[in-house]
Amino acid sequence: MLGCEVFQNGVASLLRHVREQGLANVRIAETDSFRVLGSLPETSIGRAFLLFPDPWPKARHHRRRFVRGEVLDLLARALADGAEFRFATDHADYCAWVLARLLAHPAFAWAAEHPADWRVRPADWPPTRYEERALAAGRSPVFLTFQRRPRRSGAT
Ligand SMILES: C[S@@+](CC[C@H](N)C(=O)[O-])C[C@H]1O[C@@H](n2cnc3c(N)ncnc32)[C@H](O)[C@@H]1O
């Protein structure tokens, strides 16, 4: 398991959880996740989570959003065929932004079949602090699962 976090406090908090839970399979990159994605070998990830990323709500800051064309290309490269990209947010505009970009990207397919698929967090998907905050504030998070389409020779 590989976690990315840019802020030292976040890394310290993650290390505390790793120690408390006795996890032995965690690696932490204290750097920008874009860089990490770009350095991963092709087809090396079986599942990627992006949980409650900063929504950058102002239009002039949208270019800072994690989900954007060039990052999706890096993600598509690193994910194995059939691997999942899981995304959660409580921000309606960012949700619409992500759906529009993932549905338009040739390497991804949205796995949802029923409303419960995006309204209810699957059991094998860990809860987070920001999810708790959203629920406590009366906001309903969404949970989107996308699958990396199988590569065909010469295709993305
Ligand atoms: C809104 S918090 C959500 C934290 C956690 N995922 C949760 O759901 O409780 C966003 C986190 O992403 C981290 N972050 C923001 N941009 C990042 C980047 N480019 N690479 C790695 N971490 C980043 C921030 O430091 C912050 O800890």
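As a starting point, this report considers the structure included with it.

**Notes on the sheet that holds strand β4 (residues 79-89)**
Here comes step 1: Strand order in the open sheet formed by 4 strands is β3-β4-β6-β5, and the pairing between neighbours is mixed. The strands lining the two open edges of the sheet, one partner per strand, are β3 (45-51) and β5 (108-110). Strand-to-strand twist across the sheet, computed as the mean angle between neighbouring axes with direction ignored, equals 20°.
Here comes step 2: The pairing of β5 with strand β6 (residues 142-148) spans 3 bridges and is classified as antiparallel. Among the inter-strand pairings, Phe108 is bridged to a residue of β6, identified as Arg148.
Here comes step 3: The strands touched by helix α3 (residues 69-78) are β3, β4, β5 and β6; relative to β4, the strand with the most contacts, the crossing angle is about 135°.

**Topic: the environment of Pro141**
Here comes step 1: Topologically, Pro141 is positioned in the loop between α6 (129-136) and β6.
Here comes step 2: Take Pro141: its relative accessible area is 7%, and that puts it in the buried class.
Here comes step 3: Note: C-alpha distance between Pro141 and Trp118 (23 residues apart in sequence) is 8.6 Å.
Here comes step 4: Those residues in contact with Pro141 that sit more than four places away from it in its chain are Phe52, Thr89, Asp90, Trp118, Arg119, Glu131, Ala134 and Leu135.

**So, the pattern of salt bridges**
Here comes step 1: Counted under the stated rule, the structure contains 11 salt bridges.
Here comes step 2: The salt bridge involving Arg68 is made with Glu70; its shortest N-O contact spans 3.0 Å.
Here comes step 3: Residue classification places Glu70 among the partly exposed residues on the basis of a relative accessible area of 48%.
Here comes step 4: Salt-bridge contacts for Arg121 lead to Glu131; the nearest nitrogen and oxygen are separated by 2.8 Å. Taken together, the residues span a long stretch of sequence, with Arg121 in the loop between α5 (116-119) and α6 and Glu131 in helix α6 at a distance of 10 residues.
Here comes step 5: In this structure Arg121 comes out as partly exposed when scored by relative accessible area, which is 27%.
Here comes step 6: Residue classification places Glu131 among the buried positions, given a relative accessible area of 6%.

Here is what the cut-offs are and how they apply
Counting restarts for each chain: residues are numbered from 1 in the order of the written sequence. Per-residue local features are limited, in this predicted model, to residues with pLDDT of at least 70; the limit for side-chain atom pairs, both in listing and counting, is 80 or more; totals at the level of whole chains, interfaces and linings are taken over all residues. Only hydrogens and water are set aside when side-chain values are computed; all heavy atoms of the structure are taken into account. Criterion used throughout: strands pair if DSSP finds at least two bridges between them. Put simply, DSSP H or I for four residues or longer makes a helix, DSSP E for two residues or longer makes a strand, and each gets a number counted from the N terminus. Fitted lines through C-alpha atoms give the axes, limited to the stretch in contact for helices. The angle between two N-to-C directions lies from 0 to 180 degrees. Here, residues are in contact when the closest pair of their heavy atoms is within 4.5 Å. Buried residues are those whose accessible area, probed at 1.4 Å on protein chains only, stays under 20% of the maximum for their type, while exposed residues exceed 50% and partly exposed ones sit between those limits. A pairing counts as a salt bridge when a side-chain nitrogen of Lys or Arg comes within 4 Å of a carboxyl oxygen of Asp or Glu.

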